[in-house]
Amino acid sequence: MDKRVTFRHRLLPWLLLAPQLAVTALFFLWPAAEAVWQSAFLPDPWGTKAIFVGFDNFTFLFGDPNYRESFAVTAIFSFSVAALSMGLALALAVGADRVIKGSGLYRNLLVWPYAVAPAIAGVLWLFMFNPSIGLVAYYLKALGYNWNHVLHGGEAMTLVVIAAAWKQISYNFLFFLAGLQAIPRSLIEAAAIDGAGAGRRFWTIIFPLLSPTTFFLLVVNVVYAFFDTFGIIHIVTGGGPQRDTTTLVYKVFSDGYEGQDLGSSAAQSVILLVVVGILTVIQFRWVERRVHY
Amino acid sequence: MTTRRTIMAGAAAALTALGLTAGSALAATEIHWWHAFSGRLGELLAAQVEAFNASQDEYVVIATNKGNYSETLNAGIAAFRAGEQPHILQVYEVGTATMMAAAGAVVPVHELMASAGAEFDPSVYLAAVKGYYTTPGGEMLSLPYNSSTPVLYVNRDALEAAGIDPDTDLSTWENVGGVLDALKEAGHECPLTTAWQSWVHLENLSAYHNAAFATMENGFGGLGTELTFDGPVQVAHIAAMGQWAQEGKFIYSGRRNEGGARFRAGECALFTESSAGYAGVKAEATFDFEIRPLPYWAAVEGAPQNTIIGGASLWVLSGHTDEEYKGVAAFLNFLSGTDIQAAWHQDTGYLPITMAAYEATKEAGFYDENPGTDIAIIQMTGKAPTPDSKGLRLGSFDQIRGIIDEELEAVWAGSKTAEQALGDAVSRGNELLRRFETANQ
């Protein structure tokens, strides 16, 4: 027998949805529509006039080899940030899950970085790696490695990836820990009795059972790396050296906010929106198939 | 969308600020001034405002810090779009073309003074300073506030330690090259570094050697201007710098003034930076230092011409009442006063904007007590500015500087030749200029 609770009221579901819909419309749909509208214009910064240019803003962007390159930069950056922050968070969560004494303290300490503002996180890491006064740069020099992210693109990328990933570890850690604690002990114990070692238990039982959490975090982390990291990049490298750390969202910020080129900035926002949309579809269609709920 | 969000946030913040101050309404007419100074400069600015407010009771100037230069400009723009703009906005020199193109959003200073019936004689201002903010027809658009020009800072102790006579002639890049060789040979780790590479080593380099940075009088002649800083003078200089970078004689520290910390810490022997860096160096340096004129290439005929300014000026925004504009005119005249300017010049290292303030400072014996502080003025006023040395007026200039930074970094890293890098910077920059031209026609 199918037991189902039904509400006759037609208005109630809409009423309950209304606050969420209002927030979505106000903070997402409206600005997004505005960005699409603006991307067809070449406005002057003061809003006194705007010339309709159709798709010119887009052809201008895609005609620029540097813009196309920043797709590659964004891909490397986002993949590295997601992989690093999720990998470390998983390792820490597994570790914290085993701790019995003082586990609350560990957990709290591990959550702290999430409360740090992106700009502050950037300055923090910048200080440690500053080529002339940074502590880490100093020790690297003692080891014979001349750290200079101001001139070397690879090192600049490494630095922004570390800073951006570090901030996100806490968030990932919380979800992984909750995921781990939801796995029934009996399954793991049964595997242990059958003679499975720690590594085997992890890869054949824990990791597959964590997959919903991992999948959720993958989506969240990619969105984070795409949108929420320009503060860190702005502080640490300013997109340089050359264009080695200029991600798509950083270019939106610098063209629009520093360059006052609102037409191009809006067009870039639209492109970014499409890219993230496609990525999310890919994740849900192909990656999610491998997820066990 | 991020941009939109920031702009909306800026506008919201602007509204709150205005709302708060409006709450404390006084009988006197309020004049709002948004600026980009914090720290010591912010204190000095506040003192000027207090002095003005105390000097009369008709107007009250309320100065508000809106972050750094680009944040201040953006706050002003966002407020204008929302109809809540301040009366006076401090805008950095690279924003000049943006402000000029904003017909309807700004009230040119010469018009303001005329309609307010205030006394105004543009000839009292230093030609080299006001030229940057004046139309080709000679009309002053904004009031110069803080202006500086690049000079060479020398760590005399470092030269001596390397066995070089600290009084050696450093007026030409040819001589500097020899000193860099000697420093390197003596094992010095940072013979030369710089701040603001585009401003010092391309914009000022071009003016100093009377080489065009862009066509149509460096953009003063109109929006159709095209970049030309890939000429022989600039290529030769950047190639030499690139060579020094490869040999470890020029150390690149970053796009802004990161090199300043290194020089002040005694790490670098020579440092090209704004004359306004003087106060900081004086306060922190524990070694014997000296200011010298910016070097030039003796091989270039006619050099040295004159250097150009950096810094900011005060723009008056439209949409306020005549009564308020009278207050603005009175305040701008107050700021141009000799005592105010002389004190500002001596306290900050920025240039005085009037000839009278320079004379007053000289008479007070300030230059004798602080040798080198008059070099910036001499360097700027030594020769009458030519069409190629009076300044730059380029749309999207902030982004063009970003492009120059990127391309110069390629030279310092050794991945491009000077010729390639400057050629690429010119063609990338020209695309932005064409966009700006279309948007502002």
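Numbers given for residues are sequential positions, taken from 1 along each chain in its written order. Key to labels: chains lettered from A, ligands numbered from 1, both in the order written. Since the coordinates come from a predicted model, pLDDT governs what is reported: local features require at least 70, and pairs of side-chain atoms require 80 or more to be given and counted, while whole-chain, interface and lining totals use all residues. Side-chain numbers come from the whole structure's heavy atoms, not from hydrogens or water.

## Observations concerning the overall build of chain B
Okay, step 1: In this description a helix means any DSSP run of H or I spanning at least four residues, a strand means any run of E spanning at least two, and both kinds are numbered starting from the N terminus. Helix and strand counts for chain B come out as 20 helices and 10 strands.
Okay, step 2: Computation of the radius of gyration draws on C-alpha atoms alone. For the globule rule, the value is 2.2 Å times the number of residues to the power 0.38. Whereas a compact globule of 441 residues would reach a radius of gyration of roughly 22 Å, chain B reaches 22 Å, a difference of no more than 12%.
Okay, step 3: In terms of overall dimensions, chain B has C-alpha extents of about 70 × 50 × 40 Å along its principal axes.
Okay, step 4: We call a residue buried when its accessible area falls under 20% of the maximum for its residue type, exposed when it is over 50%, and partly exposed in between, using a 1.4 Å probe and counting protein chains only. Relative to its 441 residues, chain B shows a buried fraction of 60%.

## Structural notes on the overall build of chain A
Okay, step 1: Across its full length, chain A holds 13 helices and two strands.
Okay, step 2: Taking all 293 residues of chain A together, the buried fraction comes to 44%.
Okay, step 3: Contact criterion: two residues are considered in contact whenever any of their non-hydrogen atoms come within 4.5 Å of each other. For chain A, the proportion of contacts with a sequence separation of at least 24, taken over those separated by at least 6, is 68%.
Okay, step 4: For chain A, the exposed area adds up to about 16100 Å²; of that, 70% sits on carbon and sulfur atoms. The Shrake-Rupley method, run with a 1.4 Å probe, gives the accessible areas here. Residue values count only the displayed protein chains as cover.

## Notes on the interface of chain A and chain B
Okay, step 1: Contacts between the two partners involve 45 residues from chain A and, on the opposite side, 45 residues from chain B.
Okay, step 2: Roughly 3800 Å² of surface becomes buried between chain A and chain B when both sides are summed, with 57% attributable to carbon and sulfur atoms.
Okay, step 3: Here the quantity called buried area is the accessible surface, traced with a 1.4 Å probe, that two parts lose on coming together, added over both. Among the residues of chain A in contact with chain B, Trp-46, Gln-242 and Tyr-257 of chain A are the three that bury the most area, contributing 23% of the side total.
Okay, step 4: One side-chain nitrogen of Lys or Arg within 4 Å of one carboxyl oxygen of Asp or Glu is enough to make a salt bridge. Taken together, chain A and chain B are joined by three salt bridges.
Okay, step 5: With a shortest N-O distance of 2.9 Å, Asp-261 of chain A and Arg-435 of chain B are connected by a salt bridge.
Okay, step 6: At the level of secondary structure, the elements contributing two or more residues to the side of chain A that touches chain B comprise helix H1 (11–38), strand E1 (41–43), helix H2 (56–62), helix H12 (248–258) and helix H13 (262–287) of chain A.
Okay, step 7: The element best represented in the side of chain A that touches chain B is H1 of chain A, accounting for seven residues.

## Details of the pattern of salt bridges
Okay, step 1: Scanning all chains against the criterion turns up 24 salt bridges over all chains.
Okay, step 2: A salt bridge links Glu-267 of chain B to Arg-262 of chain B; the shortest N-O distance between them is 3.3 Å.
Okay, step 3: For Glu-437 of chain B, the salt bridge is made with Arg-434 of chain B, and the minimal N-O distance between the two is 2.8 Å. Residue Glu-437 of chain B and its partner Arg-434 of chain B are located together in helix H20 (residues 418–439), separated by three residues, close to a single helical turn.
Okay, step 4: What you see here is one network of salt bridges that share partners, running through Arg-243 of chain A together with Glu-406, Glu-407, Lys-416, Asp-424 and Arg-428 of chain B.

## Regarding the state of the cysteines
All names here are of chain B.
Okay, step 1: In what follows, a disulfide is any cysteine sulfur pair within 2.5 Å. In total, this model carries one disulfide over all chains according to the counting rule given.
Okay, step 2: A sulfur-sulfur separation of 2.0 Å characterises the disulfide bridge that pairs Cys-190 with Cys-268. Where Cys-190 bonds to Cys-268 through sulfur, the torsion about that S-S bond is close to 85°, and the disulfide is right-handed. In this pair, Cys-190 sits in the loop between helix H8 (173–185) and strand E7 (192–194) while Cys-268 sits in the loop between helix H12 (259–264) and strand E8 (270–274), placing the two residues 78 residues apart along the sequence. Neither residue differs from the other here; Cys-190 and Cys-268 are each classed as buried.

## Details of unusual backbone geometry
Okay, step 1: In the segment running from Gly-240 of chain A into Pro-241 of chain A, the intervening peptide bond is cis, with an omega of -5°.
Okay, step 2: Position of Pro-241 of chain A among the secondary structure elements: in the loop between helix H11 (230–236) and H12.
Okay, step 3: The step from Ala-303 of chain B to Pro-304 of chain B runs through a cis peptide bond, and the omega angle for that step is -5°.
Okay, step 4: Residue placement: Pro-304 of chain B occurs in the loop between strand E9 (289–292) and strand E10 (310–317).
Okay, step 5: The backbone of Gln-260 of chain A shows a phi angle near 55°, a positive value even though the residue is not glycine.
Okay, step 6: Topologically, Gln-260 of chain A is positioned in the loop between H12 and H13.
Okay, step 7: At Glu-217 of chain B, a residue that is not glycine, the phi angle is positive and equals roughly 55°.
Okay, step 8: One can find Glu-217 of chain B in helix H10 (residues 215–218).

## Quick look at the domain arrangement of chain B
All names here are of chain B.
Okay, step 1: An automatic or database domain assignment is the source of the domain bounds shown. Per the domain assignment, the segments of chain B are domain 1 (2–148 + 309–381) and domain 2 (150–307 + 395–439).
Okay, step 2: Taking only C-alpha atoms, the centre of domain 1 and the centre of domain 2 are 28 Å apart.
Okay, step 3: On the domain 2 side, the residues contacting the 24 residues of domain 1 number 23 residues.
Okay, step 4: Between domain 1 and domain 2, the buried area comes to about 1800 Å², and carbon and sulfur atoms account for 55% of it.
Okay, step 5: Counting across the interface, domain 1 meets domain 2 through one salt bridge.

## Focus: the nonpolar core
For soluble globular proteins, nonpolar side chains are generally found buried alongside one another.
Okay, step 1: What makes a nonpolar core is a set of buried Ala, Val, Leu, Ile, Met, Phe, Trp, Tyr and Cys residues whose side-chain atoms join them at distances within 4.5 Å. In this structure, Trp-33, Met-99, Phe-213, Leu-227, Phe-229, Leu-332 and Trp-412 of chain B are the most contacted members of the largest nonpolar core, which totals 132 residues.
Okay, step 2: Filtering out sequence-adjacent residues up to four positions away, Leu-227 of chain B remains in contact with Phe-213, Ala-214, Leu-394, Ile-400, Ala-425, Val-426, Gly-429, Asn-430 and Leu-433 of chain B.
Okay, step 3: Of all hydrophobic cores here, the second largest spans 38 residues; its members include Ala-163, Ala-165, Phe-226 and Ile-271 of chain A.

## Focus: the side chain of Thr-134 of chain B
Residues and elements named next belong to chain B.
Okay, step 1: Positionally, Thr-134 belongs in the loop between helix H6 (127–130) and strand E5 (143–148).
Okay, step 2: Judged by relative accessible area, Thr-134 falls into the buried class, the value being 9%.
Okay, step 3: Leaving out residues up to four positions away in the same chain, Thr-134 has contacts with Glu-139, Met-140, Phe-220 and Arg-393.

## Brief notes about helix H19 (residues 397–412) of chain B
Okay, step 1: To estimate how far a helix should reach, multiply one less than its number of residues by 1.5 Å. Across its 16 residues, H19 of chain B extends 22 Å between first and last C-alpha, which sits within 8% of the 22 Å expected from 1.5 Å per residue.
Okay, step 2: Counting buried positions along H19 of chain B gives 14 out of 16 residues, so the element sits mostly inside the fold.

## Some remarks on the environment of Trp-46 of chain A
Okay, step 1: Within the secondary structure, Trp-46 of chain A sits in the loop between E1 and strand E2 (50–52).
Okay, step 2: For Trp-46 of chain A, a relative accessible area of 2% corresponds to the buried category.
Okay, step 3: If near-sequence neighbours (up to four positions away) are discounted, Trp-46 of chain A is found in contact with Gly-76, Ile-77, Phe-80, Arg-81, Thr-98, Met-99, Ala-102, Ala-105 and Leu-317 of chain B.

## Some thoughts on the pairing of strand E3 (residues 88–92) of chain B
Look at any regular strand and the pattern is simple: side chains alternate between the two faces of the sheet.
Residues and elements named next belong to chain B.
Okay, step 1: For E3, the tally of buried residues reaches five of five residues, placing the bulk of the element in the interior.
Okay, step 2: Alternating residues of E3 divide into Ile-88, Gln-90 and Tyr-92 and Leu-89 and Val-91, and every residue in both groups is buried.
Okay, step 3: Note: strand E1 (residues 29–35) against E3, two bridges, orientation parallel. Across the sheet, residue Trp-34 finds its bridge partner in E3, namely Leu-89.
Okay, step 4: Here the rule is simple: two strands pair whenever DSSP picks up at least two bridges between them. Pairing of E3 with E10, which is carried by five bridges, proceeds in the antiparallel orientation. The residue bridging Gln-90 from the neighbouring strand is Leu-314, located in E10.

## Describing the sheet that holds strand E6 (residues 150–155) of chain B
Residues and elements named next belong to chain B.
Okay, step 1: The sheet built from four strands is open, its strands ordered E7-E8-E6-E9 with mixed pairing. Each edge of the sheet is formed by a strand with only one pairing partner; in this case those strands are E7 and E9. Across the sheet, the mean angle separating the axes of adjacent strands is 25° when strand polarity is ignored.
Okay, step 2: One ladder, built from four bridges, connects E6 with E9; its direction is antiparallel. From the neighbouring strand, Asn-155 faces E9, where its bridge partner is Phe-289. To get an axis, fit a line to the C-alpha atoms, keeping to the stretch in contact for a helix; angles then go from 0 to 180 degrees between the N-to-C directions.

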